[in-house]
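# Examination of the molecular architecture
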Amino acid sequence: MQPLILHPDRLFPADAQTRSIARDLYRSVRDLPIISPHGHTDPAWFATNAPFTDATSLLLVPDHYLLRMLYSQGIALDDLGVRRKGQPSSADPRAAWRLFAANYHLFRGTPSRLWLDWVFAEAFGLEVRLEAGTADLYFDSINAKLQQDDFRPRALFERFNIEAIATTESPLDTLAHHQAIRDSGWTGRVITAYRPDPVIDPEFEGFRDNLARFSDLSGKDAFSYDGYLAAHRNRRAFFARMGATSTDHGHPTAQTADLSLADARALFARVTGEHVSPADAELFRAHMLTVMAQMSIEDGLVMQIHPGSYRNHNPWLFETFGRDKGADIPMQTGYVEQLAPLLARYGNEAGLTIILFTLDETSYSRELAPLAGHYPALRIGPPWWFHDSPEGMRRFREQMTETAGFYNTVGFNDDTRAFLSIPARHDVARRMDCAFLARLVAEHRLEDSEAAELAADLAYNLAKKAYKL
Amino acid sequence: MQPLILHPDRLFPADAQTRSIARDLYRSVRDLPIISPHGHTDPAWFATNAPFTDATSLLLVPDHYLLRMLYSQGIALDDLGVRRKGQPSSADPRAAWRLFAANYHLFRGTPSRLWLDWVFAEAFGLEVRLEAGTADLYFDSINAKLQQDDFRPRALFERFNIEAIATTESPLDTLAHHQAIRDSGWTGRVITAYRPDPVIDPEFEGFRDNLARFSDLSGKDAFSYDGYLAAHRNRRAFFARMGATSTDHGHPTAQTADLSLADARALFARVTGEHVSPADAELFRAHMLTVMAQMSIEDGLVMQIHPGSYRNHNPWLFETFGRDKGADIPMQTGYVEQLAPLLARYGNEAGLTIILFTLDETSYSRELAPLAGHYPALRIGPPWWFHDSPEGMRRFREQMTETAGFYNTVGFNDDTRAFLSIPARHDVARRMDCAFLARLVAEHRLEDSEAAELAADLAYNLAKKAYKL
Amino acid sequence: MQPLILHPDRLFPADAQTRSIARDLYRSVRDLPIISPHGHTDPAWFATNAPFTDATSLLLVPDHYLLRMLYSQGIALDDLGVRRKGQPSSADPRAAWRLFAANYHLFRGTPSRLWLDWVFAEAFGLEVRLEAGTADLYFDSINAKLQQDDFRPRALFERFNIEAIATTESPLDTLAHHQAIRDSGWTGRVITAYRPDPVIDPEFEGFRDNLARFSDLSGKDAFSYDGYLAAHRNRRAFFARMGATSTDHGHPTAQTADLSLADARALFARVTGEHVSPADAELFRAHMLTVMAQMSIEDGLVMQIHPGSYRNHNPWLFETFGRDKGADIPMQTGYVEQLAPLLARYGNEAGLTIILFTLDETSYSRELAPLAGHYPALRIGPPWWFHDSPEGMRRFREQMTETAGFYNTVGFNDDTRAFLSIPARHDVARRMDCAFLARLVAEHRLEDSEAAELAADLAYNLAKKAYKL
């Protein structure tokens, strides 16, 4: 067994002087509360406050970062405890955990390793490294802790010093869990975000059924374009009452369009019909981004665009195991021509905030920094998904800052359903931002006092301000 | 008030040994004269030698880097002293300066900050940092200095140790200012460059009017293809007599074509007609790049291609305030297939020099370095515009050098209309090149003596040679 | 004359602590045997074991890295000893060598310089640097050594500690040299690889003639689709008997397709006819990648895909001097949609190994790492060609590791015909991998013992395993 040690200087540059600057900056932001303005935790956890079950179902099975890496090396998802659609899991949770432990070396050099080691050491107090020989020790220790009251969701939320966290729901969600949290008297701030892809994307599974439910929930006829817009306004207002400060849009591309009312009505009629062409589907999504921007100007919700993921690239895996198993692959994503229609209409609105994300790092210096460095309505979201990693964060700051500055960025998003890793993720971001600032100071490109102010802005203030939290 | 200090080691790597090497290299090139082979200073300054007016109109209003960043954070251009088309400025210059000063923190981590701090400290001798509290001190001090004889354009030119500077004019310019400079007896070398976009791009504002003026100035009938080519030859010869050693071409793409004479004549007839299709416009621009290369072989002018900017991306801003306000956005730009027609015709001409620029850094290692590392006619221009920055320069050397070497690059271009920042821009380039060379020496990839030779080549010799200055 | 020194710490980071870690890691892998699983050495060298002729014909004329850089600076290929098609060389080898020596400064900062300095110092024991003044000393010394028995191919192979090397042959090769090596009793492991481009790419020179020869060699009728597939199976089996463990596919793009048998037969009839459309040629190449994957599942050969090179970009040069003179230029290359048909069919086969290469570094973090980090059948090849360089390797690890991990990569390929440089190339890779690992250790992202294990995996074990050697 080997000791599990989280070195206090981890992720800081090796150069002694730069490291010393980074260490000082980090010390000043390490304990700031966590603002988590975008993510995928389950509000039911905080509504029911039931204990988590076991290590495998909490830490392994829902984590698509882990599943994809293990799968890529020939390990069957079944053996990791992932259920086939419509079937019970055939794997023993302990056996799945052992398999994971025996392959933990696969994560060397990846952010999963950083996050998990933090969870093991800091959240669970484990003192030896995960490997085949410690698999059972881990499994038993973690399971035992999870039964303690101080490992229930609300206790962890408080221990993690979370000031506010946003979950993500579709307009078809009743937000019953959020209501339950509010009714419970617990003061943890868990809010929702409006993610209307299921009723905006004509290619979404069950689109027409979704519109029927959208009509029911909103009391508007979502099968006419005017009623459809009214339904959005209705549900946005409901979400805002339940704390939402933002919307989110997960389209395949960043394409926008700005149709006349007549054209929009005609298009709506086509995409709600039996057969929808891919071009019409794309045009409708594009047009609705502009409509959503207009509604954001009206109701103040911050708009997030997360484009460029080729979802479910592996058809057999999708059919067998379903979504979110690590088979979503980034695509080349353009923003300049794509966003032009929306920006021509609303780009100069200083009261509107659109936060752009990308899975295509080539857009950082070429497109996103110049766009956000000009349009008042635009801000740049933090490095996303595959790029939410030390090197990804370094590239983000190096490629964005000189054109967009720091103040057109919006702090960190953890964007995760892996609740226990949230502090670790924010910690990595704080360390990497401090490391970047330290280099600027060491190279005499920034004064110490400026770096200290920026460290707090990047760790806390910018997220709070951009997301109106 | 906080002290304004330009640290002598700024931009050098933090590692002590590497920094020491960088410092020695930099010391050997710091005082070399400035070769500024491509830029946008106003020849009228040097022709009239009139004093500059005030801080706001000299340093803020014409600088699109500053305007776009301030605008991106919701500051109105009107309040910065930018005039709406056809209207006088409504802003008080001092109020505009104060607004800029109060927002100077937005430029942290950007090259504008580096350039301006140099201008404040070195050109104007200011000793405190720009912020809200020092805005008036700055405004008054700068304005007072600008009335002194040693702050007139020619005095600054000499103080800046500029050996040669090129401005950029269209063929429709009479070059009266350049003539006046020559006639004045002043020995500063201010030359022009031939930028024919207004008479080559059928989509340029007033294209047909431009051709009429082109005919007048050249004495050739620019409405027939043969006369049009003769007009180019005539104006190129005139520009060369006025010192030009280069042409410049700012096309949306790097597309080239090599049409037969008959096809070229037919295309010319179409693009000079009433309605020009986008495809014809693109084809004509593409063909004319090849024609320009042919004329460069004849007259020896070095050819520069600056493709890939989506001009005036913000239609409201363009209509209200006009061009060059920070709303030009880079686009993805390909070179391999695009340049093939021109290169098939003239790429093997060792007597021809075509300098390629890009706003798309993805082309560095994939396209530009391999192309320039093969074709005798090609050289690679320095990092341009958004990439004229410390990190941009670092990426340029790291991604270009291993395939193109140093000797297919051409030193530095400041490419600016911000005259006072020219020494600062060259200084940043010299520091960053020395930092890169120092790393190669510290990692034992280059000998000291080679690095010293290269430092001088990158700072001075290569620009002089490539641009025939 | 200046001393030629290979510094023992070359390519290691300057930071003292990181360098010390790198040095220790490197010491542990420096002397591991060389696995060279993909390259272009000439099997005739090892079959005949004849001495190499002279410095110019061994080191300069066949090296397209050198030719292109010298040519890019206006040096005629004729003067470097390159023969025009159908003509004898007009250059004196000594004069060509002198020209090369006088221009050796052009390679500063390039990997060619690193490789050649190793060849000069370590292989030939030269102690002064190559420059105009030492050209004759070099030429004479090298030529003299080449006549010694210990500089014959097999002696060098043994001195270089090569455990296995793969050459690359087309199905039209009889593998007579490989047979001769086997028959000779020499124990050096020189194996072939199956590169069927000449019989798969309908746009390959002499495609139909190639099919005729393919029929002859395989005893199958390669002009019917079923016979054509049988011919592949026959030749693949023959190659495997001659030691091949892999195939290689050098297509212009990574496009794949998965046609029905009827469609495939119809397409085959079209592409073996008189006039082949570019679209049909592309579709046939695309389909055959999927067929090759199927055959790899049957016979166990590892599949390599090397897409994205625009071959013979310079038509005059190609007509005059032929292929492989440095005029191949990388193109933008997509993998996500392109590989989808093949992966939908065979991507979940853990028994299949497809190794992907790219000349487009933008695909590293966006496409290749996510794909290989999910599909069991995929692995990522090392940085290729223009990117087989220190900075290229650094970018590869920095952009791949966090998503793909280390274990979806396959160690190093030298991919060269420059036999003498093979140890230098592996040495550069080992040094750069150790430098990368050392940074992870210094930043406390990896433990020492893990780094040591990884260093050996990257230098030796992964190549051996991935290529089944």
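Residues numbered from 1 in each chain as written. Chains lettered and ligands numbered in written order. Predicted model: local features only at pLDDT ≥ 70, side-chain atom pairs only at ≥ 80, totals over all residues. Heavy atoms only, no water.

## Remarks on the overall build of chain A
Here is the rule: Runs of E in the DSSP output that reach at least two residues are strands. Runs of H or I that reach at least four are helices, and both are numbered from the N terminus. The quantity called the radius of gyration is restricted to C-alpha atoms. Its globule counterpart is 2.2 Å times the number of residues to the power 0.38. Only protein chains enter the calculation, and the probe is 1.4 Å; a residue is then buried if its accessible area is under 20% of its type maximum, exposed if over 50%, and partly exposed in between. Only the protein chains shown count as cover for residues, with accessible areas throughout obtained via the Shrake-Rupley method and a probe of 1.4 Å. Lys and Arg are tallied as positive, Asp and Glu as negative. Neither His nor the chain termini are counted. We put the charge of a Lys on NZ, of an Arg on CZ, of an Asp on CG and of a Glu on CD.
Counting its secondary structure elements, chain A contains 20 helices and nine strands. Against the globule reference of 23 Å for 469 residues, chain A gives a C-alpha radius of gyration of 23 Å, in line with a compact fold. Over its C-alpha atoms, taken along the principal directions, chain A stretches across nearly 70 × 60 × 45 Å. The burial tally for chain A puts 65% of its 469 residues in the buried class. Accessible surface computed for chain A: about 15300 Å², of which carbon and sulfur atoms make up 50%. Taking the 49 positively charged and 61 negatively charged side chains of chain A as two groups, their mean positions are separated by 2 Å.

## Observations concerning the side chain of Asp-248 of chain A
Residues and elements named next belong to chain A. Stated precisely, the cut-off is as follows: Each polar contact in these results corresponds to two N or O atoms within 3.5 Å; when the atoms are within protein, one needs to be able to donate a hydrogen and the other to accept it, and residues that are neighboring in sequence are counted only if both atoms are side-chain atoms.
As for its placement among the helices and strands, Asp-248 is situated in strand β4 (residues 246–249). Of note is the side chain of Asp-248, whose polar atom sits 2.5 Å from the side chain of Arg-195. Within polar-contact distance, the side chain of Asp-248 engages the side chain of His-306 at 2.6 Å.

## Observations concerning unusual backbone geometry
Residues and elements named next belong to chain C. Of note in this structure, Asn-49 is not a glycine but carries a positive phi near 55°. For Asp-415, which is not a glycine, the phi torsion comes out positive at approximately 50°. Along the polypeptide, Asp-415 turns up in the loop between α18 (390–404) and α19 (422–442). By relative accessible area, Asp-415 is classed as partly exposed at 21%.

## Things to note about the relation of the copies chain B and chain A
Under the convention used in this document: The copies were overlaid with a least-squares fit restricted to C-alpha atoms from residues scoring a pLDDT of at least 70 in each copy. Note on definitions: a residue-residue contact is assigned when non-hydrogen atoms from the two residues lie within 4.5 Å.
Superposing chain B onto chain A requires a rotation of 120° together with a translation of 0.0 Å along the rotation axis, leaving an RMSD of 0.0 Å. Both copies are brought into coincidence by an operation consistent with a three-fold rotation axis. Residue Asp-15 of chain B of chain B places its C-alpha closer to the rotation axis than any other residue of that unit, at 3.6 Å. Comparing interface residues between copies, only 6% of those in chain B also sit at the interface in chain A, which points to a heterologous contact through distinct surfaces.

## Thoughts on the pattern of salt bridges
Residues and elements named next belong to chain B. The following threshold applies: Only one rule defines a salt bridge in this text: a Lys or Arg side-chain nitrogen within 4 Å of an Asp or Glu carboxyl oxygen.
Considering all chains together, one arrives at 129 salt bridges over all chains under this definition. Of the charged contacts in the structure, one is a salt bridge between Arg-195 and Asp-248, with a shortest N-O distance of 2.5 Å. One end of the pair, Arg-195, is in the loop between β3 (190–191) and α10 (197–200); the other, Asp-248, is in strand β4 (residues 246–249), and 53 residues separate them in sequence. Each member of the pair, Arg-195 as well as Asp-248, carries the same accessibility label: buried. The closest approach of N and O atoms between Arg-445 and Glu-402, which form a salt bridge, is 3.6 Å. Here Glu-402 lies in helix α18 (residues 390–404) and Arg-445 lies in the loop between α19 (422–442) and α20 (448–466), a separation of 43 residues in the sequence. With respect to class, Arg-445 is no different from Glu-402; both count as buried.

## Structural notes on the packing of aromatic side chains
Quick note on the threshold: Each Phe, Tyr or Trp ring (for Trp, its six-membered ring) is paired with any other whose centre lies within 6.5 Å, and the angle between the two planes then decides the class: stacked below 30 degrees, edge-to-face above 60, tilted in between. Distance and angle both matter: a charge sits over a ring if NZ of Lys or CZ of Arg is within 6 Å of the ring centre and within 35 degrees of the ring normal.
This model, assessed by the stated rule, comprises 96 aromatic pairs over all chains. Taking the centre distance of 6.3 Å and the plane angle of 70° together, the rings of Phe-357 of chain B and Trp-384 of chain B count as edge-to-face. Here Phe-357 of chain B is found in the loop between β8 (354–356) and α17 (363–372), whereas its partner Trp-384 of chain B is found in the loop between β9 (378–380) and α18, with 27 residues between them in sequence. Residue class for Phe-357 of chain B comes out buried when judged on its relative accessible area of 2%. Each ring, one from Tyr-364 of chain C and one from Phe-396 of chain C, has its centre 5.4 Å from the other, and the planes form 90°; the classification is edge-to-face. Placement of Tyr-364 of chain C in helix α17 (residues 363–372) and of Phe-396 of chain C in helix α18 is noted, with a sequence separation of 32 residues between them. Exposure class is identical for Tyr-364 of chain C and Phe-396 of chain C. Each is buried. A connected cluster of aromatic rings, assembled from ring pairs, spans Trp-45, Phe-46, Phe-52, Trp-118, Phe-157, Phe-160, Trp-186 and Phe-419 of chain A. Taking the ring centre of Phe-318 of chain A as reference, the NZ or CZ of Lys-85 of chain A above it sits at 4.6 Å. Positioned over the ring face of Trp-115 of chain C is Arg-425 of chain C, at 3.6 Å from the centre of the ring.

## Notes on the interface of chain C and chain A
To be explicit about the condition: Joining two parts hides part of their accessible area as seen by a 1.4 Å probe, and the buried area is that hidden amount summed over both. The residue classification treats Ala, Val, Leu, Ile, Met, Phe, Trp, Tyr, Cys and Pro as nonpolar and Asp, Glu, Lys and Arg as charged. All others, Gly included, are polar.
Taken together, the contact between chain C and chain A spans 45 residues of the former and 49 residues of the latter. Here chain C meets chain A over a buried area of about 3900 Å², counting both sides, of which 49% is carbon and sulfur. Along the contact surface separating chain C from chain A lie eight salt bridges. Among the ionic pairs, Arg-394 of chain A bridges to Glu-398 of chain C, the shortest N-O distance being 3.2 Å. If you list the elements that add at least two residues to the side of chain C that touches chain A, you get α1 (16–29), α16 (340–346), α17, α18, α19 and α20 (448–466) of chain C. Looking at the side of chain C that touches chain A residue by residue, the classes come out as 17 nonpolar, 15 polar and 13 charged.

## A few points about the relation of the copies chain C and chain A
Superposing chain C onto chain A takes a rotation of 120° combined with a translation of 0.0 Å along the rotation axis, leaving an RMSD of 0.0 Å. The share of interface residues of chain C whose copies in chain A are also at the interface is only 7%, consistent with the copies meeting through different surfaces.

## What to know about the domain arrangement of chain A
All names here are of chain A. Selection criterion: By convention here, the domain bounds are inherited from an automatic or database domain assignment.
Once the domains are mapped, chain A shows domain 1 (16–50 + 150–466) and domain 2 (51–149). Measuring from the centre of the C-alpha atoms in domain 1 to the corresponding centre in domain 2 gives 27 Å. Each partner contributes to the interface: domain 1 provides 35 residues, whereas domain 2 provides 28 residues. Summing both sides of the interface, domain 1 and domain 2 together bury roughly 2900 Å²; the carbon and sulfur share of this comes to 67%. Broken down residue by residue, the surface that domain 1 buries against domain 2 is led by Phe-151, Phe-321 and Leu-420, which jointly contribute 25%. Between Asp-149 and Arg-152 there is a salt bridge, with its nearest N and O atoms 3.1 Å apart. Seen at the junction of domain 1 and domain 2, the total is nine residue pairs in polar contact (both at pLDDT 80 or more). Contributions of two or more residues to the side of domain 1 that touches domain 2 are made by α8 (153–159), α15 (315–321) and α19 (422–442). The element that contributes the greatest number of residues to the side of domain 1 that touches domain 2 is α15, accounting for six residues.

## A word on the interface of chain B and chain A
Listed as interface residues are 49 residues of chain B and, on the opposing side, 45 residues of chain A. The contact between chain B and chain A buries some 3900 Å² in all, and 49% of this surface belongs to carbon and sulfur atoms. Its largest share of buried area at the contact with chain A, chain B owes to Arg-108, His-313 and Glu-391 of chain B, together 17% of the area lost on that side. Taken together, the links from chain B to chain A amount to eight salt bridges. Linking Glu-450 of chain A and Arg-129 of chain B is a salt bridge whose minimum nitrogen-to-oxygen distance equals 3.6 Å. Inspection of the region where chain B meets chain A yields 31 residue pairs in polar contact (both at pLDDT 80 or more). Breaking the side of chain B that touches chain A down by element, the ones donating at least two residues are α4 (64–72), α6 (111–123), α15 (315–321), β7 (329–330) and α18 of chain B.

## Quick word on empty space enclosed by the protein
Residues and elements named next belong to chain C. Using the following cut-off: In the cavity and pocket records, a cavity denotes points on a 1 Å grid over the protein atoms alone where a 1.4 Å probe fits but cannot get out, a pocket denotes an open set with protein on both sides within 12 Å along at least 5 of 7 lines, and lining residues are residues with an atom within 4 Å of a point. Grid points are joined across faces, edges and corners, and a volume is the space filled by probe spheres set on the points.
If you add up the space inside the second largest cavity, you get close to 110 Å³. At the level of elements, α3 (55–60) and α6 (111–123) are the ones that each hand at least two residues to the lining of the second largest cavity. At four residues, α6 tops the list of elements feeding residues into the lining of the second largest cavity. Each of domain 1 (16–51 + 150–466) and domain 2 (52–149) accounts for three or more of the residues forming the lining of the second largest cavity.

## Some remarks on the sheet that holds strand β2 (residues 162–166) of chain A
Hydrogen bonds between backbone atoms are what pair the strands of a sheet, whose relative direction is either parallel or antiparallel. All names here are of chain A. Put simply, the test is: In short, DSSP must find at least two bridges between two strands for them to pair. To get an axis, fit a line to the C-alpha atoms, keeping to the stretch in contact for a helix; angles then go from 0 to 180 degrees between the N-to-C directions.
Strands sit in the order β1-β2-β3 across an open sheet of three strands; the sheet is parallel. Each having just a single partner strand, β1 (34–36) and β3 (190–191) make up the two edges of the open sheet. As paired strands, β2 and β3 are joined by two bridges and run parallel to one another. Bridged to Ala-166 within β3 is Ile-191. Sitting on the sheet, α19 touches β1 and β2, and the angle it makes with β1 is about 105°.

## Some thoughts on the side chain of His-249 of chain A
Among the secondary structure elements, His-249 of chain A is positioned in strand β4. Relative accessible area serves as the criterion here: at 0%, His-249 of chain A is assigned to the buried category.

## Concerning the pairing of β2 of chain A
All names here are of chain A. In terms of residue burial, β2 counts as a mostly covered element, since four of its five residues are buried. Relative to β2, β1 runs parallel, the two being bridged by three bridges. Looking across to β2, one finds that Ile-35 is bridged to Ala-164.

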